[in-house]
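Here's the letter readout for the chains.
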Amino acid sequence: MPLDVTAQGVYVIAPTPFHPDGRVDEASLDRMTDFFLGAGCAGMTILGVMGEAPKLDGAESLALSRRIINRAGKAGIIVGVTAPGFAAMRALARGVMEAGAAGVMIAPPPHLRNDDAVVSYFHQAVEAIGSDVPWVLQDYPQLFQVQMTPAVIRRIVTDLPSCVMLKHEDWPGLEKISALRGFQADGSMRPISILCGNGGIFLDFEMARGADGAMTGYAFPDMLVELVKLSQAGERDRAHDLFDAHLPLIRYELQPGPGLAVRKYVLMRRGVIASDAQRRPGTALTATARAEVEYLLSRLARHDARAALPAI
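**So, the layout of surface pockets**
Part 1 of the reasoning: In this structure, the largest pocket occupies an estimated 1,200 Å³ of space.
Part 2 of the reasoning: Elements represented by at least two residues in the lining of the largest pocket include exactly helix H2 (58-72), helix H3 (86-99), helix H5 (141-144) and helix H11 (259-269).
Part 3 of the reasoning: Along the lines of polarity and charge, the residues of the lining of the largest pocket split into 22 nonpolar, 16 polar and seven charged.
Part 4 of the reasoning: Surrounding the second largest pocket, 14 residues form its lining, Asp-276, Ala-277, Gln-278, Thr-283 and Ala-284 being those nearest its centre.
Part 5 of the reasoning: In terms of residue count, H11 provides more of the lining of the second largest pocket than any other element does, three residues in total.
Part 6 of the reasoning: Residues of the lining of the second largest pocket, tallied by class, amount to seven nonpolar, four polar and three charged.

Set out below in structure tokens:
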């Protein structure tokens, strides 16, 4: 089904599994898709920042997307189509939508320097991919170096009806969620789905501020699913207890640089992917870092049996 403003739950950011020699690991791709959806995720977001999208060529990106979409059945698959130029963006967006994707995700390029330029860019992006394609606005200023105020986001949402979701990754960003929900309450902005990233580091309070769920790639997406459900049910203390148990590992995984290596290592330890390899250029964990992750997993296992993994 096409993505719309009612989307909620967890749309897990999927890494791209590789063999140690750099080839896409299709068997792990299938197993990972089954695991994420079996964990209760409403969908997946592929070819995002943590999906190593820039390391894939156009043909690989489309083939990988088609494989996951076909495997996922009715689950919503969102494909990151951010590209330096609109021709590549359009080709991938149209290709994945024809394959059955729920929507696409677009981030602003780092050269945008004022509000009008930001709004104009997204007008051009929608013109390129087609106004019939539902899309996610990715707000990640720490990486893309583009600041979008709540007022700018409101302009984009108002001007472009095909924008149905905000991937909120500003930091600190709790007040931004409150401002956007305030616009919605006073009628100055139409409803929009808000899913949050940043490794889930603020998800406990983001849900209370009005987020609809998570769009991030923590190695325990099944925990994120549980946390979102507890928050939606008003079980605040239980949600925070669960979150607090996982917070040390979430924090460790959120490190710039080695974060993807940590995530892939834990997914490998959980049997989801066969290798924690990244396509070059990539980062590998040192023996010390692996030992630290194992220590965090052992401590987490005292509170959450999902972290009780076989010894290596």
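**Description of a negative patch on the surface**
Part 1 of the reasoning: A contiguous patch of negative charge, built from Glu-235, Asp-237, Asp-241 and Asp-244, is present on the exposed surface.
Part 2 of the reasoning: Assignment of secondary structure puts Asp-244 in helix H10 (residues 236-253).

**Remarks on the side chain of Glu-52**
Part 1 of the reasoning: Topologically, Glu-52 is positioned in the loop between strand E2 (43-46) and H2.
Part 2 of the reasoning: Among the polar contacts made by the side chain of Glu-52, one reaches the side chain of Lys-264 at a distance of 2.7 Å.
Part 3 of the reasoning: At 3.1 Å, the side chain of Glu-52 and the backbone nitrogen of Arg-279 are in polar contact.
Part 4 of the reasoning: The contact partners of Glu-52, leaving out residues within four places of it in the chain, are Thr-16, Phe-18, Leu-260, Lys-264, Gln-278 and Arg-279.

**Describing the sheet that holds strand E1 (residues 9-13)**
Part 1 of the reasoning: Within the closed barrel, the eight strands sit side by side as E1-E2-E3-E4-E5-E6-E7-E8. Their pairing is parallel.
Part 2 of the reasoning: Bridge count between strand E6 (residues 163-168) and strand E7 (residues 193-196): four bridges; the pairing is parallel. Paired with Leu-166 across the strands is Ile-194, a residue of E7.
Part 3 of the reasoning: Most of the contacts of H3 go to strand E4 (residues 103-106), to which it runs at about 155°, and overall it touches strand E3 (76-80) and E4.
Part 4 of the reasoning: Along the sheet, helix H6 (residues 150-159) makes contact with strand E5 (135-139) and E6, crossing E5 at roughly 170°.

**Observations regarding H10**
Part 1 of the reasoning: Relative to the 26 Å expected for 18 residues at 1.5 Å per residue, H10 spans 24 Å between its end C-alpha atoms, a close match to the ideal helical length.
Part 2 of the reasoning: Of all the bends found along H10, the most pronounced is centred on Leu-247 and spans about 50°, while Pro-248, a proline, follows it within four residues.
Part 3 of the reasoning: Those residues of H10 lying buried are Ala-239, His-240, Leu-242, Phe-243, His-246, Leu-249, Ile-250, Tyr-252 and Glu-253.
Part 4 of the reasoning: Buried residues along H10 sit against helix H8 (203-209), helix H9 (221-232), H11 and helix H12 (287-300).

**Regarding the state of the cysteines**
Part 1 of the reasoning: Under the defined criterion, the tally for this structure stands at zero disulfides.
Part 2 of the reasoning: No disulfide involves Cys-163; its sulfur sits 14 Å from that of Cys-196, the nearest cysteine.
Part 3 of the reasoning: The class for Cys-163 is buried, based on a relative accessible area of 0%.

**Comments concerning helix H1 (residues 26-38)**
Part 1 of the reasoning: For H1, which comprises 13 residues, the first-to-last C-alpha distance of 18 Å matches the rise-based estimate of 18 Å (1.5 Å per residue) to within 8%.
Part 2 of the reasoning: Among the residues of H1, Ser-28, Leu-29, Asp-30, Met-32, Thr-33 and Phe-36 are the ones counted as buried.
Part 3 of the reasoning: Elements in contact with the buried residues of H1: E1, E2, H2, H9 and H11.
Part 4 of the reasoning: Between a side-chain oxygen at the N-terminus of H1 and the backbone nitrogen of Ala-27 the separation is 3.3 Å; the capping residue is Asp-25.

**Observations regarding the pattern of salt bridges**
Part 1 of the reasoning: Summed over all chains, the structure comprises 20 salt bridges.
Part 2 of the reasoning: A salt bridge links Asp-139 to Lys-176; its shortest N-O distance comes to 2.7 Å. With Asp-139 in strand E5 and Lys-176 in helix H7 (residues 174-186), the pair connects residues that are 37 residues apart, well separated along the chain.
Part 3 of the reasoning: A relative accessible area of 8% means that Lys-176 is categorised as buried.
Part 4 of the reasoning: Three or more residues are tied together by salt bridges with common partners; here these are Glu-26, Asp-30, Asp-34, Arg-67 and Arg-71.

How each quantity is defined
- Residues numbered from 1 in each chain as written.
- Predicted model: local features only at pLDDT ≥ 70, side-chain atom pairs only at ≥ 80, totals over all residues.
- Heavy atoms only, no water.
- 1 Å grid on protein atoms, 1.4 Å probe; cavity = no way out; pocket = protein on both sides within 12 Å on 5 of 7 lines; lining within 4 Å.
- Points joined across faces, edges and corners; volume = space filled by probe spheres on them.
- Helix = DSSP H or I, 4+ residues; strand = E, 2+ residues; numbered from the N terminus.
- Nonpolar A, V, L, I, M, F, W, Y, C, P; charged D, E, K, R; others polar.
- Patch = residues over 30% accessible without salt bridge, like charges linked within 9 Å, V, L, I, M, F, W, Y side chains within 5 Å.
- Areas by Shrake-Rupley, 256 points an atom, 1.4 Å probe, with all protein chains shown as cover.
- Salt bridge = Lys/Arg side-chain N within 4 Å of Asp/Glu carboxyl O.
- Lys, Arg positive; Asp, Glu negative; His and termini not counted.
- Charge placed at Lys NZ, Arg CZ, Asp CG, Glu CD.
- Polar contact = N/O pair within 3.5 Å; in protein donor to acceptor, adjacent residues only side chain to side chain.
- Contact = heavy atoms within 4.5 Å.
- Pairing = 2+ DSSP bridges.
- Axes fitted to C-alpha atoms, helices over the stretch in contact; angles between N-to-C directions.
- Expected span 1.5 Å × (residues − 1).
- Bend = angle between axes of the 7 residues up to and from the residue.
- Buried < 20%, exposed > 50% of the residue type's maximum accessible area, 1.4 Å probe, protein only.
- Disulfide = S-S within 2.5 Å.

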